[in-house]
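Spelled out, the chains give:
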Amino acid sequence: MSTLKIPSKYLLYILFIFSNIIISKTIYVNNTIQLKNALNNALPYDTIKINKENYQFNFLEIKKPLTLVGINSPTFDGNNKGTILIVKSNYVFIEGINFQNTGYSFTNDFSAIKIDGANNCSILKNNFTNCFFAIYLAKSFNCSISNNKIVGSQKRQTFSGNGIHLWYSKNIYISNNFIEGQRDGIYLEFTKKSTIEKNISKNNLRYGLHFMFSDSCNYSENIFEKNNAGVAVMYTNNVKMNGNIFRNNWGDASYGLLLKDISSSEIKNNYFIKNTAGIYLEGCDRNSFKNNQFKNNGWAIRLMANSMENTFIKNIFLGNTFDVTTNNSKNYNTFDKNYWSDYNGYDIDKDGYGDTPYRPVKLISILVENNKTLLILLRSFFVELLNLAEKLLPVLTPETLIDNHPLMKINI
Amino acid sequence: MIKINNLCKNYGDIIALNSINVSLVDEKLTYLVGPNGSGKTTLIKSILGLIKISSGEIFVDKLRLNGNFSYREKIGYMPQVASFPENLTVEEVIELIKNIRSSITNLDDELINEFNLKKEFNKKIKALSGGTKQKLNAAIAFLFNPKILILDEPTAGLDPISSSLLKDKILKEKSKGKTILLTSHIISELEEVAEEIIFICDGLIFFSGEKNNLISSTGEKNLERAISKLMREKSENFSNGN
Amino acid sequence: MKILATVIKNQFQDSFRSKWIIVYSLFYFLITFGLILFTNDSNKIILSLMNVNLIVIPLVCIVFGNVFFYNNREYIIMILAQPVDRKYIYLGLYFGLTFAMSLSFLLGVFLPIIFSFKIFINNFNIIFWLIITGILITSIFVGIAFLISMLNENKLKGLGISIFSWFLFTALYDAIILMLLQILQNYPLEIFSLTLTLVNPIDITRIIIINNFDIAALMGFTGAVFNKFFGSVVGFVIALFSLINWIAIPLFIGLNLFNKKDF
């Protein structure tokens, strides 16, 4: 479990700091030349303190374990000419610096900080403005990225890279970052056993969070809001998502959470509020959705074909236009003990569950799935009549997509 | 005062009025008589502008009617059946008509007093008896002191006392120089006050002129018999024609 | 204008004192109050009230407006014999009755909501639009009822046409749209379907409300036209304009027929 590794990682780090106090020295720099000299002359585990100035350089490499600390937020400006810092050593620690203007490229991944094959590095409390990629990790392990603020300013996806980009990395801890206006807020590819928590990722041009082939990662208490396409996670097993908020992701290709080929994962205690689609599932198996709240979404859950053996238990569905929709006439998933605000049944035996089952799929949602234009008839009297008829005599809606124990009250 | 030239009115194929030429003599009381469905009401409604005439001309006080409405200031109309908004009080109905006829000078509330309507002022229309509604109907027709009075079966539904009060009022107004048009499908007790007669049947005028002329020309004793004779002659003409 | 005001005022007073209007108001009061009492869920209450707006108001207004005209024929004749322009009578009767029906609806819905305004604290804008559209629908269907009365003399026939019109507006029309959209689903139908819905006042009202309510779902349209329409002020203005036309056009035609009508 990666959660167990975080304390040990810190422990190591603390030992390393203490050992430095005895042997390391501190170098102060005031300009770019001094900075470059300091990087050359410093001994491993030295600290370079950077005074508040404007430093302009590109592709500056850090090849030994060093601590870079900004005093009153100095600026590292890439002048739109490319990557600013490249970290190639383990144990590099960067804190309190403003990075800006990497420029963009269609062939290179220009980044404010690129950590390339380096382990045990930390990026803390930095600001990133107008950067193509802000923090880029490739083949790096045991790193920590926390309390950074990343704000992109591009309007088009092609001119914009990702806020935090991880590639072939492992055991990365990403927390309390604020990311806005990048292409993808947080992007993970082939990354394992990492933890992403308490970040805010919003108004990004594509996804707030995007990961592929990244098994065994934890995502908790993040907020993903108003991202152009919401959050997309693909081709991954053993994902844990807990206590995240997915909010206000609007658009025909926008999802609170898009799950594609995800299996054996847990989605618990999350909030899906006012998204066009709360969760969209495609080819997902054996996942557990529990105690989530779906409120005022267009579609709470779009359960598409080839999704099997998923369980939806004890979730709360409140005021969604459509609770569940599917394009399949058969259903191999389980819905049980959820609260549905549209449920109108009764509970005579007082066991807390309605005595008649609830069918969350309405006829109109099936029709709309094939013909989006029909949305224009939403809540029309005639459509309500059709829904009622279908409810009494199901023809098009899958017969087994049914909650046999709809909760009468929201149990919190 | 009122002159009608070649007035025709069709409802689809049905001819309700067929080339009517008639005038009301000023300051006289004219009695418009005819059986049910003869065209009496259509004629009155034409004068009041309630229906659009098919052809012909109507003059009221030398003004040709042409969808205009201000000439109706000169007319007091008492329809056969009175109907007012049910939930208004008598007083509110009177106020309503007063407000609609904005040029109000020397109101004549004699009938309101005679009929003792003041004590009904706070009652809603729906609480009134048929007779009381008819009294209100009459009182409103006379209220604005119009030069012309058009009264459609005015004594129908009134008790004998009110009926004679109304008859007195009609005579009084006539003596003041009002032009009055009364209608009835039967020869009623109002016959005695009539001076001029218009007899209408199947949309045609069969007689118009002084009552005495009609009686003497038919050689009968009274109006009722004279009219009966006219009707008989008419039906004979009709069968001879076939 | 004074005459118009007089007719409106008296018609309003007469209608507002009528027991039918009181029953109508009470009906809304009980429905709204009952909903608040039993569900406590502002979303459900609003959706139910929307259905009242879309179904009950048109039915009551079209029937009531029709019966009104036939039942008050003698009174109308009496008042037409006065020296007044006909159009003031028609407009006066129309506005008087519409005001009375609207106020009755307003009181019935508004009072229970005011008593328990806390539930609706996040939904005041929808409540506002429910009330506005309720009044607009009232105005439209009283106008249509008057027009139907102008078009034929027979009370029973008028009533039949009224009920059929109600059915057409509330259900049949949408059934036809549904069929058309299903048959023609391989063609681009954005503007076509939008136009079709903007022709029916009931659909417009529904769209104004769901545009406040189901916006997350409506943003799921693939077409840019829709997103532009539903996501912006433009669509809203068009919808409102269309509703106002639905008041103005029947009123105008009815008025012209009334001006030429034989009583």
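Residues numbered from 1 in each chain as written. Chains lettered and ligands numbered in written order. Predicted model: local features only at pLDDT ≥ 70, side-chain atom pairs only at ≥ 80, totals over all residues.

The name given to chain A in an unreviewed UniProt entry is Nitrous oxide reductase family maturation protein NosD, with the source organism recorded as Stygiobacter electus. Per UniProt, the comment on chain A under Pathway (unreviewed entry) is "Protein modification; protein ubiquitination." (UniProt positions renumbered as here; feature names shortened; annotations may be inferred.)

Student: Help me understand the overall build of chain C in this model?
Tutor: Helices and strands together make up the secondary structure of chain C, namely 12 helices and 0 strands. The secondary structure elements of chain C, listed N-terminal to C-terminal, are α-α-α-α-α-α-α-α-α-α-α-α. In terms of C-alpha radius of gyration, chain C reaches 20 Å, essentially the compact-globule figure of 18 Å for 263 residues. Based on the C-alpha atoms only, the size of chain C along its principal axes is roughly 60 × 45 × 35 Å. Residues counted as buried form 49% of the 263 residues belonging to chain C. Considering only contacts within chain C whose residues lie at least 6 apart along the sequence, 83% involve residues at least 24 apart. (Helix = DSSP H or I, 4+ residues; strand = E, 2+ residues; numbered from the N terminus. Rg over C-alpha atoms; globule rule 2.2 N^0.38 Å. Buried ≥ 20, exposed ≤ 12 C-beta atoms within 10 Å, placed from the backbone. Contact = placed C-beta atoms within 7 Å.)

Student: Help me understand the overall build of chain A, please; the structure alone is not making it clear to me.
Tutor: Within chain A, the regular secondary structure consists of 4 helices and 39 strands. Taken along the three principal axes of its C-alpha coordinates, chain A extends 80 × 40 × 30 Å. For chain A, the share of sequence-separated contacts (at least 6 apart) that also reach a separation of at least 24 residues comes to 45%.

Student: Looking at this structure, I do not really get the confidence of the model for chain C. What am I missing?
Tutor: It should be kept in mind that the predicted coordinates are not to be read in detail where pLDDT is low. Residues and elements named next belong to chain C. Scored by pLDDT, chain C has a mean of 89; 99% of the residues are at 70 or more. The spread of mean pLDDT over the elements of chain C runs between helix H11 (residues 224-231), the lowest at 74, and helix H7 (residues 155-183), the highest at 94. Across the interface, the model reports ipTM at 0.88; the global pTM reads 0.83. (pLDDT = per-residue confidence, 0-100.)

Student: Hey, could you run me through the pairing of strand S7 (residues 148-152) of chain B in this one?
Tutor: Two faces make up the sheet, and in a regular strand the side chains alternate between them. Residue and element names in this part refer to chain B. In terms of burial, S7 is a largely internal element, 5 of the 5 residues being buried. Burial of S7 is two-sided: the residues Ile 148, Ile 150 and Asp 152 facing one way and the residues Leu 149 and Leu 151 facing the other way are all buried. Sheet topology places strand S6 (residues 75-78) next to S7; 4 bridges connect them, and they run parallel. Across the sheet, Met 78 pairs through a bridge with Leu 151, a residue of S7. Relative to strand S8 (residues 179-184), S7 runs parallel, the two being bridged by 5 bridges. When the bridges of S8 are listed, Ile 150 appears paired with Leu 181. (Pairing = 2+ DSSP bridges.)

Student: Would you explain the interface of chain C and chain A in this entry?
Tutor: When the parts come together, some accessible area is lost, and that loss is often what is quoted as the size of the interface. Of the residues lining the interface, 29 residues belong to chain C; the matching set on chain A comes to 27 residues. Every element with two or more residues in the side of chain C that touches chain A is listed here: helix H3 (42-71), H7, helix H8 (190-199), helix H9 (201-213) and helix H10 (215-218) of chain C. In terms of residues, the side of chain C that touches chain A owes the most to one element, H7(C), which gives 8 residues. Per-class residue counts for the side of chain C that touches chain A are 15 nonpolar, 8 polar and 6 charged. (Nonpolar A, V, L, I, M, F, W, Y, C, P; charged D, E, K, R; others polar.)

Student: Mind showing me how you'd approach the sheet that holds strand S5 (residues 63-64) of chain B here?
Tutor: Backbone hydrogen bonds hold the strands of a sheet together, and the pairing may be parallel or antiparallel. All names here are of chain B. The strand order across the open sheet built from 4 strands is S2-S1-S4-S5, with neighbouring strands paired in antiparallel fashion. With partners counted over all chains shown, the strands left at the sheet margins are strand S2 (14-24) and S5, one partner each. Relative to strand S4 (residues 55-60), strand S1 (residues 2-11) runs antiparallel, the two being bridged by 5 bridges. Following the sheet pairing, Ile 4 is matched in S4 by Ile 58.

Student: Please explain the interface of chain B and chain C as it appears in this structure.
Tutor: With 25 residues of chain B at the contact, the number on the chain C side is 22 residues. Listing elements by their share of the side of chain B that touches chain C, those giving two or more residues are helix H1 (40-48) and helix H2 (90-100) of chain B. Tallying contributions element by element places H2(B) first for the side of chain B that touches chain C, with 5 residues. Residues belonging to the side of chain B that touches chain C are distributed by class as follows: 13 nonpolar, 5 polar and 7 charged.

Student: I keep staring at the arrangement of the chains and nothing clicks. Help me out?
Tutor: The interface with the highest contact count, out of 2 pairs of chains in contact, is the one between chains A and C. With no contact between them, chain A and chain B keep their nearest C-alpha atoms 36 Å apart.

Student: What should I look at first to understand unusual backbone geometry in this one?
Tutor: Leaving glycine out, the prevailing phi sign among residues is negative, and the prevailing peptide bond configuration is trans. Residue and element names in this part refer to chain A. Of note, Asn 120 is a non-glycine position whose phi angle comes to about 55°, a positive value. Here Asn 120 lies in the loop between strand S10 (111-116) and strand S11 (122-124). By C-beta crowding, Asn 120 is classed as buried, having 20 other C-beta atoms within 10 Å. Positioned with a positive phi, Lys 350 is a non-glycine residue whose angle comes to about 55°.

Student: Can you help me understand the environment of Leu128(B) in this one?
Tutor: All names here are of chain B. Here Leu 128 is to be found in the loop between helix H3 (110-114) and helix H4 (130-143). On the neighbour-count criterion, Leu 128 (20 C-beta atoms within 10 Å) is buried. Along the backbone, Leu 128 and Asp 108 are 20 residues apart, and their C-alpha atoms lie at a distance of 22 Å. Apart from residues no more than four positions distant in its own chain, Leu 128 is found in contact with Glu 120, Lys 123 and Lys 133.

Student: Sorry, what's going on with the packing of helix H2 (residues 19-38) of chain C against helix H5 (residues 86-115) of chain C here?
Tutor: Packed helices, taken two at a time, are described by the angle their axes make and the gap between the axes. Residue and element names in this part refer to chain C. Orientation of H2 relative to H5, taken along the N-to-C sense of each, is 25°, at an axis distance of 8 Å. In this view, H2 runs roughly parallel relative to H5, as classed from their interaxial angle. Pair H2 / H5 crosses with right-handed handedness. Mapping the contact onto sequence places Ile 21, Tyr 24, Ser 25, Leu 26, Phe 27, Tyr 28, Phe 29, Thr 32, Phe 33 and Ile 36 in H2 and Ala 100, Met 101, Ser 104, Phe 105, Leu 107, Gly 108, Val 109, Leu 111, Pro 112 and Ile 113 in H5. A per-class count over the contact of H2 with H5 returns 16 nonpolar, 4 polar and no charged. (Axes fitted to C-alpha atoms, helices over the stretch in contact; angles between N-to-C directions. Parallel < 35°, antiparallel > 145°, perpendicular 65-115°, else oblique. Left-handed = near helix turned anticlockwise from the far one by under 90°.)

Student: How should I be thinking about H7(C) in this particular structure?
Tutor: Two residues of an α-helix separated by three or four positions point the same way, owing to the 3.6 residues in each turn. Across its 29 residues, H7(C) extends 39 Å between first and last C-alpha, which sits within 8% of the 42 Å expected from 1.5 Å per residue. Within H7(C), the axis deviates most sharply at Leu168(C), by approximately 50°. Every buried residue of H7(C) is accounted for by Gly158(C), Ser162(C), Trp166(C), Phe169(C), Thr170(C), Tyr173(C), Asp174(C), Ile177(C), Leu178(C) and Leu181(C). Those residues of H7(C) that are buried lie in contact with helix H4 (381-392) of chain A together with H3, helix H6 (124-151), H8 and H9 of chain C. (Expected span 1.5 Å × (residues − 1). Bend = angle between axes of the 7 residues up to and from the residue.)

Student: Where do I start with the sheet that holds strand S13 (residues 133-138) of chain A in this structure?
Tutor: All names here are of chain A. Spatially, S4-S7-S10-S13-S16-S19-S22-S25-S28-S31-S34-S37 is the arrangement adopted by the 12 strands of the open sheet, whose pairing is parallel. Of all strands in the sheet, those with a lone pairing partner are strand S4 (60-62) and strand S37 (322-326), marking the two edges. Taking each pair of neighbouring strands and ignoring which way they run, the sheet shows an average axis angle of 10°. Of the pairings in the sheet, the one linking strand S16 (residues 164-167) to strand S19 (residues 186-189) comprises 4 bridges and is parallel in character. Within S19, the residue paired with Leu 166 across the bridge is Leu 188.

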